[in-house]
Amino acid sequence: MGPIVLSAVACVRAGVTLMVIHLLLGGSLDVITFVAFLIIGTRIFDPLTTALAGYAQFRYSEQAGERIVQLLREPVMQGERQPPADHDVELKQVTFGYLDQLVLRDVSVSMPAGSFTALVGPSGSGKSTILRLIARFYDPVKGMVTMGGEDIRAMDPEALLHKVSMVFQDVYLFQDTIAGNIRFGRSDATHEEIEEAARLACCHDFILKLPNSYDTMVGEGGNTLSGGEKQRISIARAMLKNAPIILLDEATASLDPENEAEIQKAIDRLVRGRTVIVVAHRLKTVQHADRIVVLNHGRIVEQGRHDELLSSNGLYARLWRRQHDAGEWRMTL
Ligand SMILES: Nc1ncnc2c1ncn2[C@@H]1O[C@H](COP(=O)(O)OP(=O)(O)OP(=O)(O)O)[C@@H](O)[C@H]1O
Ligand SMILES: [Mg+2]
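Residues numbered from 1 in each chain as written. Chains lettered and ligands numbered in written order. Predicted model: local features only at pLDDT ≥ 70, side-chain atom pairs only at ≥ 80, totals over all residues. Heavy atoms only, no water.

Peer 1: So, the domain arrangement of the protein chain: which residues are in play, and what are the values?
Peer 2: Partitioning the protein chain into domains gives domain 1 (2-72) and domain 2 (89-327). If you average the C-alpha positions of domain 1 and of domain 2, the two centres end up 52 Å apart. (Domains from an automatic or database assignment.)

Here's what the structure looks like:
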């Protein structure tokens, strides 16, 4: 808005000046009035421009302030207990909706400590929502989420977040250096630890190629990096955090084969020995999961191992065949 206001004022100023020159040349304006116009005009236009630009800035700040006040008004999440040492996670008859419409209905799933669970299903079926409930971004309307057998609503939210690392579907990077963005995983990490996490997450090599290596500034939202690179930075954050529970939301955007292979390598290292819950869009990445949970319209329609689900010939088998056929089709091109 600021630059638009300034341009409008500059146009008006140029227009008025041209008109006054026209009047002066046409003889309708005497020189004294013209000089007076120049002096008074400058004195009026400059403060007017400043005032209008200041007003635009004021409107911006007002809106930002409103959002901050809104955030401060949000009730503080309750819960004091320290999370237990056991890292199994369970959803017990969970029902949830963001607004009026229910997004999850009566969902029960048990994820033992150290196991690998995959959530699959059509777009909008509620996969990412399950991850958000486990990280306690929201509380269920009915039922509960437990960790080590205890309701996570009774736990200190800060301590709970230390137990969980999340790699989001759409990675958001902050306007900071690459090292600063990885350090979000653990604020007291040394540079050596950041570099080690980046190596494990297959980012070290591409970071070294950036103009200032680890000190390169990332634009807001990370728009100077590719989708695959952002995902790997986010995996490096999770490596650094070293939490016992990993929530991983696979990117939906298609990646080139090289990026895909690097990300898979980074993920394999990240998930070793932890309780892992992965939202998978590419079914071939979760064939070896301990349990595959198939969602449709917010309900669990099937769960089991890959072979069991294929032989039961339900939604999973259909999704698998569709992806497999698409893969075959690509290969024969
Ligand atoms: N913040 C939100 N506010 C309102 N509705 C939402 C919000 N986030 C998700 N939804 C709705 O909840 C439903 C489930 O969304 P969710 O993100 O869990 O789906 P998903 O299975 O992860 O889909 P995808 O495979 O496309 O990522 C969708 O209908 C979606 O539109
Ligand atoms: Mg999703």
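Peer 1: Describe in detail the packing of aromatic side chains, supporting the description with residues and values.
Peer 2: In total, this model carries seven aromatic pairs according to the counting rule given. For the ring pair Tyr55 and Phe58, a centre distance of 6.4 Å and an interplane angle of 35 degrees mean the geometry is tilted. Of this pair, Tyr55 and Phe58 both sit in helix α2 (residues 31-73), three residues apart, which is roughly one turn of the helix. By the ring-pair criterion, three or more aromatic residues cluster together here, those being Phe96, Tyr98 and Tyr138. (Phe/Tyr/Trp six-rings, centres within 6.5 Å; stacked < 30°, edge-to-face > 60°. Helix = DSSP H or I, 4+ residues; strand = E, 2+ residues; numbered from the N terminus.)

Peer 1: Please set out the coordination of the magnesium ion (ligand 2) residue by residue, giving values where relevant.
Peer 2: Looking at the metal site, the magnesium ion (ligand 2) is ligated by Ser128 (OG) and Gln169 (OE1), spaced 2.0 to 2.6 Å from it. Here Ser128, found in helix α3 (residues 127-134), pairs with Gln169, found in the loop between β6 (164-167) and β7 (176-177); they are 41 residues apart in sequence, far enough to count as distant. The class of Ser128 is buried, set by a relative accessible area of 13%. Gln169 gets classed as partly exposed once you look at its relative accessible area, which sits at 22%. (Donors = N, O, S within 2.8 Å, 3.2 Å for Na, K, Ca; no water. Buried < 20%, exposed > 50% of the residue type's maximum accessible area, 1.4 Å probe, protein only.)

Peer 1: I'd like to hear about the sheet that holds strand β5 (residues 150-151), residue by residue, with values.
Peer 2: The antiparallel open sheet is built from four strands, whose spatial order is β2-β1-β4-β5. Edge positions in the sheet fall to β2 (102-111) and β5, since each of these pairs with one other strand and no more. Relative to β5, strand β4 (residues 142-147) is paired through two bridges, and the arrangement is antiparallel. The residue bridging Thr146 from the neighbouring strand is Asp151, located in β5. (Pairing = 2+ DSSP bridges.)

Peer 1: Any chance you could break down the site of ligand 1 for me, citing the residues and the numbers?
Peer 2: In the region of ligand 1, 14 residues are neighbours, and Ser123, Gly124, Lys127, Ser128 and Thr129 sit closest. Here Gly126 contributes a backbone N or O atom positioned 3.0 Å from an oxygen atom of ligand 1. In the environment of ligand 1, an oxygen atom lies 2.8 Å from a nitrogen or oxygen atom belonging to the side chain of Ser128. Computed on the free molecule, ligand 1 has an accessible area of 630 Å², of which 63% lies beneath the protein chains in the complex. Broken down by element, the residue count for the shell around ligand 1 peaks at four residues, all from α3. Residues of the shell around ligand 1, tallied by class, amount to four nonpolar, eight polar and two charged. (Near = heavy atom within 4 Å. Polar contact = N/O pair within 3.5 Å; in protein donor to acceptor, adjacent residues only side chain to side chain. Areas by Shrake-Rupley, 256 points an atom, 1.4 Å probe, with all protein chains shown as cover. Nonpolar A, V, L, I, M, F, W, Y, C, P; charged D, E, K, R; others polar.)

Peer 1: Requested: an account of the state of the cysteines, with residues and values cited.
Peer 2: Here a disulfide denotes a covalent bond joining the sulfur atom of one cysteine to the sulfur atom of another. Per the stated rule, a full pass over the model turns up zero disulfides. Sulfur of Cys202: no disulfide; nearest cysteine sulfur belongs to Cys203 and is 7.3 Å away. Residue classification places Cys203 among the buried positions, given a relative accessible area of 0%. (Disulfide = S-S within 2.5 Å.)

Peer 1: Give me the side chain of Thr129: which residues, what numbers.
Peer 2: Tracing the sequence through the fold places Thr129 in helix α3. Within the structure, the side chain of Thr129 is placed 2.8 Å from the side chain of Tyr98, a separation counted as a polar contact. When sequence neighbours within four positions are dropped, the list of residues in contact with Thr129 reads Phe96, Tyr98, Val103 and Leu104. (Contact = heavy atoms within 4.5 Å.)

Peer 1: Give a detailed account of the sheet that holds strand β11 (residues 291-296), specifying residues and quantitative values.
Peer 2: Here six strands make up an open sheet; going across it, the order is β6-β9-β10-β3-β11-β12 and the pairing mixed. Of all strands in the sheet, those bounded by a partner on one side alone are β6 and β12 (299-304). On average, adjacent strands in this sheet sit at an angle of 15 degrees to one another, irrespective of strand direction. In terms of strand pairing, strand β3 (residues 116-120) meets β11 through four bridges, oriented parallel. By the bridge assignment, Thr117 is partnered in β11 with Arg291. (Axes fitted to C-alpha atoms, helices over the stretch in contact; angles between N-to-C directions.)

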